[in-house]
Amino acid sequence: MRKMKDSGIVRLGLMPEKWIASRVKYIYSAIGSGTTPSSGNSQYYDGSENWIQSGDLYKTKYVIKTEKTVTDFAVSTISALHKYKADFVIIAMYGASIGNVAISKIDACVNQACCVIKPNSKMDFNYLYYTLVNDKDIMLDMSIGGTQPNISQAKILELPVFLPPIDEQKKIADFLDEKCGEIDSIRSDIQKQIDILNDYKKSVITEAVTKGLNPKAKLKDSGIEWIGKIPEHWDCRPIKYGFKLISGSTPKSDNMDFWDGDVIWITPADYKTEDKYVCQGKRNISYQGFLSCSTNIVPKGSLIFSKRAPIGTVAINSVPLCTNQGCLSCVPKACSSSLYFYFVFIVYEEVFNLLGSGTTFKEISATTFSNVKLPYPSINEQKNIAAYLDEKCSAIDATIADKQKQLETLDEYKKSLIFEYVTGKKEVLA
């Protein structure tokens, strides 16, 4: 058992007696960032130069290709658009991806949300990667800003690192490569199982809402390409036939009297399709705020449909509430079951997206949405199908949830493994 000493860094705790506590600013040979060329200039994009954005760092250790490229013209004319020679470490500095780290194996430029670091001779490249992965929580705590938090290069330079002898750094990095690779392989297998279950769930829903529960039912052509054949006794009708549509609105954000009251108010960001039910948003409005704009109270048991960013997210409200203008609320008439059409909307999410339009972001208009035709069985058959799918999908969802927990356990184990070895709590034995 090797001797340990206080590192002087509370978050990292004890370290081996022969190691040195340092900071990034003492171990780098180069640091920099980049920029985003004007999107309106066609001469800047789709060229031969790789251009890394923070999204390219998601769940990967190595960057070997980029989602977007820029031109030689952009690199030669935009002074802030530097081309970095591989290998280099990249850290995401903005938004939800703050603290994501990867190693670029390709020559590339980066945007302003990425920080590029090259270590000096005191630190092994691979070991620096794992050290920065371990520092992610510290980066999150150091970030500033609300909706778009960020961390500066100056703060990155202050990040703590432990310096074992260089040969031990390489040994630790090689060990973590092997162990993390094993974890990632198991994780990949579980994710594939989740993807298969999700595909199976969608096929079960599609079969039930387009063909019904009687496999012997005679079918007819619906006359609508994306629906195909339906049982002979079914009809296809527009959404407005079975629902009253209600739009939403937003009180003025600069009037504090309109906010934080007792009126439940939701936006598309407040729910996901897999949640099925929604009962609360991140922020309520006051009764005064409700009266100040054109939002409306949506009765319990309606379908709340997101018409933009993204199109097609749907949930059933389990309490009366109102929404912003990004939602269309569908109040069922006597001929419609909200639960049945909740499942129908899931199946036709891609159709709703295709019907959207817009440049900044796509949106489906209330008129277009209301005229989309969907399969309409009788109300009793709708309820039977909904009950069947509710039970069947709940069983599939329970299996998916178990596998998601397995992924979370693996992620926590990987995180703790990296922490223990880059801080010397555990030693790589020969």
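For the structure given in this document, a descriptive report is provided here.

Reading the values: the criteria
Residues numbered from 1 in each chain as written. Predicted model: local features only at pLDDT ≥ 70, side-chain atom pairs only at ≥ 80, totals over all residues. Heavy atoms only, no water. Helix = DSSP H or I, 4+ residues; strand = E, 2+ residues; numbered from the N terminus. Buried < 20%, exposed > 50% of the residue type's maximum accessible area, 1.4 Å probe, protein only. Contact = heavy atoms within 4.5 Å. Pairing = 2+ DSSP bridges. Axes fitted to C-alpha atoms, helices over the stretch in contact; angles between N-to-C directions. Core = buried A, V, L, I, M, F, W, Y, C linked by side-chain atoms within 4.5 Å. 1 Å grid on protein atoms, 1.4 Å probe; cavity = no way out; pocket = protein on both sides within 12 Å on 5 of 7 lines; lining within 4 Å. Points joined across faces, edges and corners; volume = space filled by probe spheres on them. Nonpolar A, V, L, I, M, F, W, Y, C, P; charged D, E, K, R; others polar.

## A few points about the overall build of the protein
Moving on, step 1. When you go through the protein residue by residue, the secondary structure sums to 11 helices and 24 strands.
Moving on, step 2. Projected onto the principal axes, the alpha-carbon positions of the protein cover approximately 80 × 50 × 45 Å.
Moving on, step 3. Residues counted as buried form 47% of the 430 residues belonging to the protein.
Moving on, step 4. Within the protein, contacts between residues separated by at least 24 positions form 71% of all contacts whose residues are at least 6 apart in sequence.

## Notes on the sheet that holds strand β9 (residues 101–104)
Sheets are built from strands paired through backbone hydrogen bonds, the pairs being either parallel or antiparallel.
Moving on, step 1. Taken in spatial order, the 5 strands of this open sheet run β4-β11-β8-β9-β6, and their pairing is mixed. Sheet topology places β4 (28–32) and β6 (62–63) at the edges, where each strand pairs with a single neighbour.
Moving on, step 2. Where β6 lies against β9, 2 bridges are found, and the strand directions are parallel. Pairing of Val63 across the sheet is with Ser104, part of β9.
Moving on, step 3. Across the sheet, helix α2 (residues 125–134) is in contact with β6, β8 (88–92), β9 and β11 (114–119); its angle to β9 comes to roughly 160°.

## What to know about the nonpolar core
Moving on, step 1. Residues Val24, Ile91, Tyr127, Tyr130, Leu132, Ile156 and Leu176 are the most contacted members of the largest nonpolar core, which totals 47 residues.
Moving on, step 2. Discounting chain neighbours no more than four positions away, the residues touching Tyr130 are Lys61, Ala173, Leu176, Asp177, Cys180, Ile418 and Val422.
Moving on, step 3. One finds Leu303, Tyr342, Ile346 and Val347 within the second-largest nonpolar core, a separate group that totals 38 residues.

## Topic: unusual backbone geometry
Moving on, step 1. Residues Ala86 and Asp87 are joined by a peptide bond in cis, for which omega reads 0°.
Moving on, step 2. Among the structural elements, Asp87 can be located in the loop between α1 (72–77) and β8.
Moving on, step 3. Here the bond from Ala309 into Pro310 is cis, since omega is 0°, no more than 30 degrees from zero.
Moving on, step 4. Mapped onto the fold, Pro310 is located in the loop between β20 (303–307) and β21 (311–317).
Moving on, step 5. Despite not being glycine, Lys276 has its phi angle at roughly 70°, a positive value.
Moving on, step 6. Structurally, the position occupied by Lys276 is in the loop between β18 (265–266) and β19 (277–278).

## Digging into the layout of surface pockets
Moving on, step 1. Reported here for the largest pocket is a volume of approximately 1,200 Å³.
Moving on, step 2. Lining the largest pocket are 35 residues; nearest its centre among them are Lys59, Val133, Lys136, Asp411 and Lys414.
Moving on, step 3. Of all the secondary structure elements, the ones that give two or more residues to the lining of the largest pocket are α2, α3 (136–142), α5 (166–211) and α11 (379–422).
Moving on, step 4. The dominant element in the lining of the largest pocket, judged by the number of residues it contributes, is α5, at 8 residues.
Moving on, step 5. Tallied by class, residues from the lining of the largest pocket come to 14 nonpolar, 8 polar and 13 charged.
Moving on, step 6. Taken as a whole, the second largest pocket holds about 340 Å³ of empty space.
Moving on, step 7. As for the second largest pocket, its lining consists of Asn198, Lys201, Lys202, Ile205, Thr273, Glu274, Tyr342, Ile346, Glu349, Asp397 and Ile400.
Moving on, step 8. Mapped by element, the contributors of at least two residues to the lining of the second largest pocket are α5, α8 (338–347) and α11.

Spatial relationships are all this shows, so hold off on functional conclusions.
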